[in-house]
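A closer look at the structure
Read off the chains here:
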Amino acid sequence: MALEGVSKSYGAVQALGQTDLVLNEGEFVTLLGPSGCGKTTTLRMVGGFEFPSTGRILIDGRDTTYAAPFDRPVNTVFQDYALFPHMTVAQNIRYGLTVRGANLSPAEVSSRVEHALALVGLSKFADRRPAMMSGGQRQRVAMARAIARRPRVLLLDEPLSALDVKLREGMQVELKRIHRELGITFLMVTHDQGEAMALSDRVVVMQAGQICQTGKPEELYDSPANPYVADFIGGANLVKGVWKGRDRGRDRLALGQGQAEVQREGHAVAGLSEGAAVLIGLRPDNLLLGDGPNAISGRVLEVLFRGDRIRIEFTPRGIAAPIFAEVPRAALRDLQNLGPGSPVTFHIDAADILLFADEVAK
Amino acid sequence: MRGKSVLARRSALPVLGLFALPVGWAFLLLIVPYGIMVAISFWTRQFPLFVPDFQFGNYLQLFSDPQYYTVILRTAKIAALVTLAATCLGYPLAYYLVFVIKTERLRALLYMLVIVPLWVSYLLRTYTWKTILGTDGALNSALKWLGVIDQPISLFLYNQWSMVITLTYIFIPFVVMPVFAALENIPRNLIEASEDLGVRPFGTFLRVILPLSAGGVISGATVTFCLAFGDFVAPVLVGGPDGTMVANLLQSQFGAALNWPLGSALATVVLLIVMALLWLSARLDRAGRVALG
Ligand SMILES: Nc1ncnc2c1ncn2[C@@H]1O[C@H](COP(=O)(O)OP(=O)(O)O)[C@@H](O)[C@H]1O
Ligand SMILES: [Mg+2]
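Predicted, not measured: the structure shown is a model, and the values here were computed from it. In every chain, residue numbers begin from 1 and rise along the written sequence. Think of it this way: whatever chain is written first is A, whatever ligand is written first is 1, and the rest follow in order. Restriction of local features to residues with pLDDT of at least 70 applies here, the model being predicted, together with a cutoff of 80 or more for giving and counting side-chain atom pairs; totals for whole chains, interfaces and linings are based on all residues. Water and hydrogen atoms play no part in the side-chain values, which are based on all heavy atoms of the structure.

Attention now goes to the overall build of chain A. Assigned secondary structure in chain A consists of eight helices and 20 strands. When its C-alpha atoms are laid out on the principal axes, chain A stretches across 75 × 45 × 35 Å. Taking all 362 residues of chain A together, the buried fraction comes to 51%. Note on contacts: a residue pair qualifies if any of its non-hydrogen atoms lie within 4.5 Å across the two residues. Put simply, of all contacts in chain A between residues at least 6 apart along the chain, 65% involve residues at least 24 apart. Each charge sign in chain A was given a centre, from 41 positive and 41 negative side chains, and these centres are 5 Å apart. Runs of E in the DSSP output that reach at least two residues are strands. Runs of H or I that reach at least four are helices, and both are numbered from the N terminus. Exposure categories follow from relative accessible area, calculated using a 1.4 Å probe and restricted to protein chains: below 20% of the type maximum is buried, above 50% is exposed, and the middle band is partly exposed. Charge convention: Lys and Arg are scored as positive, Asp and Glu as negative, and His as well as the terminal groups of each chain are ignored. Charged groups are reduced to one reference atom each: NZ for lysine, CZ for arginine, CG for aspartic acid, CD for glutamic acid.

Residues and elements named next belong to chain A. Should DSSP find at least two bridges between two strands, the strands are regarded as paired. With mixed pairing, the six strands of this open sheet are ordered in space as S6-S7-S8-S3-S9-S10. Looking at strand neighbours, the two that pair on one side only are strand S6 (74-77) and strand S10 (210-215), the edges of this open sheet. Strand-to-strand twist across the sheet, computed as the mean angle between neighbouring axes with direction ignored, equals 20 degrees. Axes here mean lines fitted to C-alpha atoms, for a helix over just the part in contact, with angles spanning 0 to 180 degrees between N-to-C directions. Of the strands in this sheet, strand S3 (28-32), strand S7 (153-157) and strand S8 (185-190) are in contact with helix H5 (residues 165-182), which crosses S8 at around 155 degrees.

Residue and element names in this part refer to chain B. Split into domains, chain B comes out as domain 1 (1-40) and domain 2 (57-291). Domain start and stop points were drawn from an automatic or database domain assignment. Each of domain 1 and domain 2 has a C-alpha centre, and the two are 35 Å apart. Buried area: the accessible surface (1.4 Å probe) lost by two parts on joining, summed over both. Summing both sides of the interface, domain 1 and domain 2 together bury roughly 460 Å²; the carbon and sulfur share of this comes to 74%. The salt bridge definition used is simple: a Lys or Arg side-chain nitrogen within 4 Å of an Asp or Glu carboxyl oxygen. Remark: the boundary between domain 1 and domain 2 carries zero salt bridges. Gly counts as polar in this scheme, as do all residues outside two lists: the nonpolar Ala, Val, Leu, Ile, Met, Phe, Trp, Tyr, Cys and Pro, and the charged Asp, Glu, Lys and Arg. In terms of residue class, the side of domain 1 that touches domain 2 is built from four nonpolar, no polar and no charged.

Before going further, it helps to examine the domain arrangement of chain A. All names here are of chain A. Under the domain assignment, chain A is made up of domain 1 (2-228) and domain 2 (237-357). Distance between the C-alpha centres of domain 1 and domain 2: 39 Å. Taken together, the contacts link eight residues of domain 1 with seven residues of domain 2. Both faces considered, domain 1 and domain 2 share a buried interface measuring about 590 Å² in area, 59% of it formed by carbon and sulfur atoms. For domain 1, the biggest contributors to the area lost against domain 2 are Tyr-221, Pro-224 and Pro-227; these three give 76% of the whole. We define a polar contact as two N or O atoms separated by no more than 3.5 Å, with the added condition that, inside protein, one atom must be a possible hydrogen donor and the other a possible acceptor, whereas residues neighbouring each other in sequence contribute only through side-chain atom pairs. On inspection of domain 1 and its partner domain 2, the count reaches one residue pair in polar contact (both at pLDDT 80 or more).

On to empty space enclosed by the protein, then. Residue and element names in this part refer to chain A. Within this scheme a cavity is a closed region of a 1 Å grid, computed over the protein atoms alone, that accommodates a 1.4 Å probe without allowing it to escape, whereas a pocket is open but has protein on both sides within 12 Å along at least five of seven lines; lining residues each have an atom within 4 Å of a point. Grid points are joined across faces, edges and corners, and a volume is the space filled by probe spheres set on the points. Tallied over the entire structure, the rule returns one cavity of 30 Å³ or more. If you add up the space inside the largest cavity, you get close to 50 Å³. As for the largest cavity, its lining consists of Arg-112, His-115, Ala-116, Leu-119, Ile-147, Ala-148, Arg-150 and Leu-182. Ranked by residue count, the leading element in the lining of the largest cavity is helix H3 (residues 106-119), at four residues. Class assignment for the residues of the lining of the largest cavity results in five nonpolar, one polar and two charged.

A separate point is the confidence of the model for chain B. Residues and elements named next belong to chain B. The pLDDT value tells you how sure the predictor is about a given residue, anywhere from 0 up to 100. For chain B, the average pLDDT comes to 89, and 94% of its residues sit at 70 or higher. Per-element averaging of pLDDT across chain B places helix H1 (residues 2-9) at the bottom with 49 and helix H9 (residues 188-196) at the top with 96. Note that pLDDT drops below 50 for residues 1-7; the model gives that stretch zero contacts with residues more than four away or on any other chain. Note on the complex model: pTM 0.84, ipTM 0.86.

Turning to the site of ligand 1, a few remarks are in order. Residues and elements named next belong to chain A. Lining the immediate environment of ligand 1, one finds Tyr-10, Ala-15, Pro-34, Ser-35, Gly-36, Cys-37, Gly-38, Lys-39, Thr-40 and Thr-41. With respect to ligand 1, the side chain of Thr-41 contributes an N or O atom lying 2.5 Å from an oxygen atom. Contact with the protein chains removes 60% of the 560 Å² of surface that ligand 1 exposes when unbound. The dominant element in the shell around ligand 1, judged by the number of residues it contributes, is helix H1 (residues 39-47), at three residues. Grouping the amino acids of the shell around ligand 1 by side-chain chemistry returns four nonpolar, five polar and one charged. Residues are labelled near a given molecule or strand when at least one of their non-hydrogen atoms is within 4 Å of it. Shrake-Rupley sampling with a 1.4 Å probe provides the accessible areas, and residues are treated as covered by the protein chains on show and by no other component.

Here you go:
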């Protein structure tokens, strides 16, 4: 499936800018971005509920840009499930199998319904009404109903957002398993980066109707294309610094009152002149307690207990914004009385520092 | 929370009083009159007086004398036709308002236009049809002007069809209102889900929209049938000689014919028919609701 130069405007509001995207057979791709960035709009255009303002949508090489929803080999798992309240679970699933285009014999229909129910673990609930089921069960019915039609692409709009945290984690595992068992292409939408990272083969990070970066979860985490992606995926402290030059494969930076050295591949800082403003991304996880290379010291603002990890907010000397660090609880064992006001020093490996040109300063 | 504790602290007496008032009113204004009516339906008439009694002669007369039961049957037939016509016209209208009109403002405006006639005198609206259907009414003038006819036709007015037309026009809003509400309550994504599952718009209408708006149809049809069944204005204004309906018969029993016991028996029968209908409608509605969960 492919989007070619697809964009969508509602009157003066541009919901989605020119977008290109190709999904490979059997791939699990997630559109990730904050609320209002155009994820649902994109999904609805693929589903046929909205038509693009420009561009084409191809499914299996066929141009389906303006095809009606009932004419596309895709199915949607709706955000609030959209189960038919006047039908039982089995009737809901059968609904899409008895249409003229499906050409299924009654025996095939039954076996598909049973198979779909079994796949989501709801065989015992075939005769229930959706109203008598929990959120997680309804979610599964919605999934079963969509996959029973064996679509080429399954579209999922925030499929887990209505579930509580515990259930969501269980369903993530289920979703992954179903994807593996079916081998269908999945296109999911979410604003939850953890969910996107855990499930997807490829994540498409979006911001204000534009794709910022597309890549495997690890790629996005390790080499974010810009500060926005760095912060959205995994979180990052963004600190202003000055680029001082490069020697022996290392970028030298002025960071606060200190110095830092960065040793990373593939940074988009080529062509910087000495003294250029840069943004430095420090992941909370990568900040290590104690002195070392690339040290930053300051005073503790707040210590937050996070179970196995402790989150420390501190104001580094010479840097305006506070910085968050997350350290394992064990690392704090020698520092029992660390609290607001205590002096603290962190360091970070040269390979863990993210470096971006400061677009705003330019 | 606070309101609850305040209530709990109060003594039960004023609360009882609060309920006693409406119960008292209901008793005085509903139970007592109906009781009297049912009681009188067993009385005997000895012209010009009515004698307290307990006999079923009045009911027997209603069901054996064609003069009466034909009127009851005719009334049922006309009410059924009106209900059918009002539903068949009102449903598409409500559907159009909810699904075809795109802007909220236009929808609200058109909905108001459907409802507004209810504020105009019912008598006036019935009378309007007399001027439309009459021999020198709008319809005849128009047909004459078009050259379809050269003499006014008296066929349009003073028959059962003119009654059905008039009552249908009057009661359409009672169908549109509940159906409109039912259609508006159908989540849009159910319709999208249906199309997503490969079902075309007409199939979606039959399998999703219609079942989910059945409750509105049932309540609209019930109200329309009951109101049409008890109507006494249309028969007088546009009904003509063979247009007498139950309500007119009732009127005459308590007036010119001066037969209160027979009138009471007739009223009791009408009451039972309407109550049976309401019960059935409530049953259907409940069945539908259970189906929806
Ligand atoms: N039907 C619509 N009419 C007007 N604007 C819309 C419509 N649908 C979405 N938008 C706008 O398009 C933008 C993207 O919306 P959406 O795709 O729903 O975002 P997301 O799913 O990422 O939260 C938003 O600014 C939203 O207000
Ligand atoms: Mg959305």
